[in-house]
Amino acid sequence: MLTSLVSVSLINPTFARQRHSFFVLGSLFSTRHVYQANLDIAAFSRAGNLDAARKLFDKMPTKDVVTWNSMLSAYWQNGDLERSTTLFHSMPLKNVVSWNSMIAACVQNDNLDDAFRYFAAAPEKNAASYNAMISGLVRLGRVAEARRLFEEMPRPNVVSYTTMVDGYARMEGGIGRARALFEAMPRRNAVSWSVMISGLVENGLCEEAWEVFVRMPQKNDVARTAMITGFCKQGQMEEARALFEEIRCRDRVSWNIIITGYAQNGRGEEALNLFSQMIRTGMQPDDLTFVSVFTACASLASLEEGRQAHALVIKHGFASDLSVSNALITMHSKCGGIVDSELAFGQISHPSLVSWNTIIAAFAQHGLYDKARSYFDQMVTVSVQPDGITFLGLLSVCCRAGKVDESMKFFTLMVHNYGIPPRSEHYACLVDVTSRAGQLQRACKIINEMPFKADSSIWGAVLAACWVHLNVKVGELAARRILNLDPYNSGAYVMLSNIYAAAGKWKDVHRIRVLMKEQGVKKQRAYSWLQIGNKIHYFIGGDPSHPNINDIHVALKRITLHIKIKSNYEEIFL
């Protein structure tokens, strides 16, 4: 046969070319080439090129079940569930992977009812079938249903256990179950350990998370990042920094967490230094980075750093980001630039409730009652529903502006018109504004009518007002309540001592000082700071450790002398 074909080919070249094409076509779609085409379909899918994937799929004269599954997954992984469904129902042959793919497709689109139907109809189920359903249920908070499926599984694997641990950890009050299931796992992988550590951290159990982290046989960066988050929440920044330094390949998430940790724990200078390091490594900041940087600038009242960060915001294309804009408003406000805060708000095309609350809080910080009230009226006009934080800003500005009647009207508006239940912070503002106005009995009446017990900050407002208005009796009551809650509160002792001193009760002043000494209570030392160039200088009362302390003392003496000379000059010639 082969000899005759060769003979004919020599006589008829056209026939030879036709036979060559036949052999090429037959060899092109051999098993090996089908396998390669399947890989190409998957590659086109990952690149988001569905048209190329479908053209290749349609041109293949021979398709195996993997080909169909590859095209099926390509559709739903690129957001086209409808075409996945159509293709699935036209498949000449389906296997367990086909059914699992449709289950996963429905789960990813939060369509659990359809996922359940495919799951129930599947002629064969494996661990992946159950895991797809369990993960979908957990993600949507349906942990009880996930547990029932988990218990039905013939052979749950490490993925099944880990998903359930994650589900329990997310469920309110479920962290104990999560820990028990984790300890009962027959085998754990790196993901299992990381999920357990993250779950404990998110539930505020940092010490337990650390215990699990220490036991982890091979620690990875995901677990380290989770622990860094936990330490930052606890204010343990040295521990957080030590773990951060262990991460060799730092991603944006790890940088953001450590920068945010420093910013939120009042250590703005370290946050800004780390941000500079991050930029130098070539890591691109995102919206969360800039929010934390603005928080750090605000805590330091460092307007120059804030302006530099704002320039980077524009450079990196986050000028229109809502969360960044809100943080910018706060930064300018805390740096004293309330006009810039208002300008930043004006740049937001569609302010959210948070945006309105932020600008009202900014005006409140500066005691600008009319501005805060005006923006509240605008907010209501554009049909943005205020919340408790909105009214907290309004009550705060009333307090700073000394507007007692207005604060009572806002409180009534909040409770009766908007149905917002007041929190302790709202009552604290009422107590503060009435106390500052010298209405101490009214302040005590508000405290007694509160639906919960007053904390030390509320009584602290009363105590401070008693010093201003020299009310010894109420001052003693307020100090007693504070010290019952916090026996080592040095501020309460000092304030009560000042009240006694202002009233000329020197024996009581001496008694308070002796009591402080007996209780081991020490007055907290005040500190201040200022920025010169790019350096922050800290000053603590009575601390001579600043390297330029002698020059500072000389400058202060010179300033004092100038003041005295000017004062004497005015006395002589006025």
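Keep in mind that what you see is a predicted model, and the values were worked out from it rather than measured.

**Some points on the packing of helix α29 (residues 456-469) against helix α31 (residues 490-502)**
Next, step 1: At a closest axis distance of 9 Å, the pairing of α29 and α31 adopts a crossing angle of 20°. The pairing of α29 with α31 is recorded here as roughly parallel in orientation. Crossing of α29 over α31 shows left-handed handedness. Between α29, through L463, A464, C466 and W467, and α31, the contact on the second element is made entirely by A492, M495, N498 and I499.
Next, step 2: Residue composition of the contact of α29 with α31, by class: 7 nonpolar, 1 polar and no charged.

**Overview of a nonpolar patch on the surface**
Next, step 1: A cluster of nonpolar side chains, namely L556, I559 and I563, defines an oily patch on the protein surface of about 300 Å² accessible area.
Next, step 2: Tracing the backbone shows I563 in helix α33 (residues 549-573).

**As for the packing of aromatic side chains**
Next, step 1: Scanning the model with the defined rule gives 21 aromatic pairs in all.
Next, step 2: Seen in terms of ring centroids, F150 and Y161 are 5.2 Å apart; in terms of plane orientation they differ by 80°. Their pairing is edge-to-face. Residue F150 is located in helix α10 (residues 143-152), and its partner Y161 is located in helix α11 (residues 158-170); the two are separated by 11 residues in the primary sequence.
Next, step 3: Exposure remark for Y161: the relative accessible area of 15% places this residue in the buried category.
Next, step 4: Aromatic side chains W356 and Y375 sit 6.3 Å apart centroid to centroid with 55° between the ring planes, which places their arrangement in the tilted category. Of this pair, W356 sits in helix α23 (residues 353-365) while Y375 is found in helix α24 (residues 369-381), placing the two residues 19 residues apart along the sequence.
Next, step 5: Under the relative-accessibility criterion, W356 is labelled buried at 6%.
Next, step 6: Overall, Y375 belongs to the buried group, its relative accessible area being 9%.

**Some remarks on the pattern of salt bridges**
Next, step 1: Counting across every chain of the model gives 24 salt bridges.
Next, step 2: Between R170 and D166 there is a salt bridge, and its shortest N-O distance comes to 3.2 Å. On the criterion of helical spacing, the pair formed by R170 and D166 is a turn pair, its members being 4 residues apart in helix α11.
Next, step 3: For R224, the salt bridge goes to E246, with nearest N and O atoms at 3.2 Å. Here the residue R224 occupies a position in helix α15 (residues 221-234), and E246 occupies one in helix α16 (residues 237-246), the gap between them amounting to 22 residues.
Next, step 4: Counted as one network, the salt bridges with shared partners bring together R179, E183, R188, E208 and R215.

Reading guide: rules and limits
Residues numbered from 1 in each chain as written. Predicted model: local features only at pLDDT ≥ 70, side-chain atom pairs only at ≥ 80, totals over all residues. Heavy atoms only, no water. Axes fitted to C-alpha atoms, helices over the stretch in contact; angles between N-to-C directions. Helix = DSSP H or I, 4+ residues; strand = E, 2+ residues; numbered from the N terminus. Parallel < 35°, antiparallel > 145°, perpendicular 65-115°, else oblique. Left-handed = near helix turned anticlockwise from the far one by under 90°. Contact = heavy atoms within 4.5 Å. Nonpolar A, V, L, I, M, F, W, Y, C, P; charged D, E, K, R; others polar. Patch = residues over 30% accessible without salt bridge, like charges linked within 9 Å, V, L, I, M, F, W, Y side chains within 5 Å. Areas by Shrake-Rupley, 256 points an atom, 1.4 Å probe, with all protein chains shown as cover. Salt bridge = Lys/Arg side-chain N within 4 Å of Asp/Glu carboxyl O. Phe/Tyr/Trp six-rings, centres within 6.5 Å; stacked < 30°, edge-to-face > 60°. Buried < 20%, exposed > 50% of the residue type's maximum accessible area, 1.4 Å probe, protein only.

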